[in-house]
Amino acid sequence: EAGVTQFPSHSVIEKGQTVTLRCDPISGHDNLYWYRRVMGKEIKFLLHFVKESKQDESGMPNNRFLAERTGGTYSTLKVQPAELEDSGVYFCASSLTDFTDTQYFGPGTRLTVL
Amino acid sequence: QKEVEQNSGPLSVPEGAIASLNCTYSDRGSQSFFWYRQYSGKSPELIMSIYSNGDKEDGRFTAQLNKASQYVSLLIRDSQPSDSATYLCAVKGTGGFKTIFGAGTRLFVKA
């Protein structure tokens, strides 16, 4: 069974540009989560989808970040326009059910904003 | 005060020893507690979850939870060099679905 996949693995962009990150969860997992780890800091929750609905987006830093999950399959996270402080590793995770179930993490996308 | 606090380490133990990792959390209503292992440059991997007070054992790993003290720990028995990694404590609080992570403790197991 394929795990959670993320694309791209690395992205280097300039301040003010737009970047779109993609996450493909494990097939059949309704729950999809986005997290971010900024250098030297802890992993921070961004948002949680149940199928195509945003269950909790309280961790989204500001309106430059837009997450979508059309059709309840893969998800995208767009940053527009990117700022220097957006640099970090963006992780996606998925789980079959919520609350107690195991979250499986993807390999992450390392974003560098210059 | 951070929501989930861990000693950043590094914690260094000899091979075969017991490694003890600790974590405290601030949300007294938290119900779900997790330990993740993260190797350098890799994604976090869940190794233990615990939901009620007491001990939970899985192989060489034992998670301990004390909700009154808002304290979670992870014991690794017979530590191996392959256990060298960063261990992340994570807590699922009340009123939402977000998982709050600690900054992690780096563990080195010396051969």
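Here, the structure is the one placed above.
Residues numbered from 1 in each chain as written. Chains lettered and ligands numbered in written order. Predicted model: local features only at pLDDT ≥ 70, side-chain atom pairs only at ≥ 80, totals over all residues. Heavy atoms only, no water.

A.B. asks: Let's hear about unusual backbone geometry: which residues, and what values?
C.D. replies: With an omega of -5 degrees, the peptide bond between Phe7 of chain A and Pro8 of chain A qualifies as cis. Its place among the elements puts Pro8 of chain A in the loop between strand 1 (5-7) and strand 2 (10-13). In the segment running from Gln80 of chain A into Pro81 of chain A, the intervening peptide bond is cis, with an omega of -10 degrees. Here Pro81 of chain A shows up in the loop between strand 8 (75-79) and strand 9 (88-95). Phi angles above zero are rare outside glycine, and Gln70 of chain B is one such case at about 55 degrees. Note on placement: Gln70 of chain B falls in the loop between strand 7 (61-66) and strand 8 (71-76). Phi angles above zero are rare outside glycine, and Asp78 of chain B is one such case at about 50 degrees. Considering the arrangement of structural elements, one finds Asp78 of chain B in the loop between strand 8 and strand 9 (85-92). Looking at Asp78 of chain B, the relative accessible area reads 41%, which means it is partly exposed. (Helix = DSSP H or I, 4+ residues; strand = E, 2+ residues; numbered from the N terminus. Buried < 20%, exposed > 50% of the residue type's maximum accessible area, 1.4 Å probe, protein only.)

A.B. asks: Can you explain the interface of chain A and chain B? Please cite residues and give values.
C.D. replies: Taken together, the 19 residues of chain A in the interface contact 20 residues of chain B. When the two sides are added together, the surface that chain A and chain B hide from each other amounts to roughly 1700 Å², 55% of it contributed by carbon and sulfur. The interface formed by chain A and chain B contains five residue pairs in polar contact (both at pLDDT 80 or more). Elements with a minimum of two residues in the side of chain A that touches chain B: strand 4 (31-37), strand 5 (43-50) and strand 6 (53-56) of chain A. (Contact = heavy atoms within 4.5 Å. Buried area = accessible area lost by both parts, 1.4 Å probe. Polar contact = N/O pair within 3.5 Å; in protein donor to acceptor, adjacent residues only side chain to side chain.)

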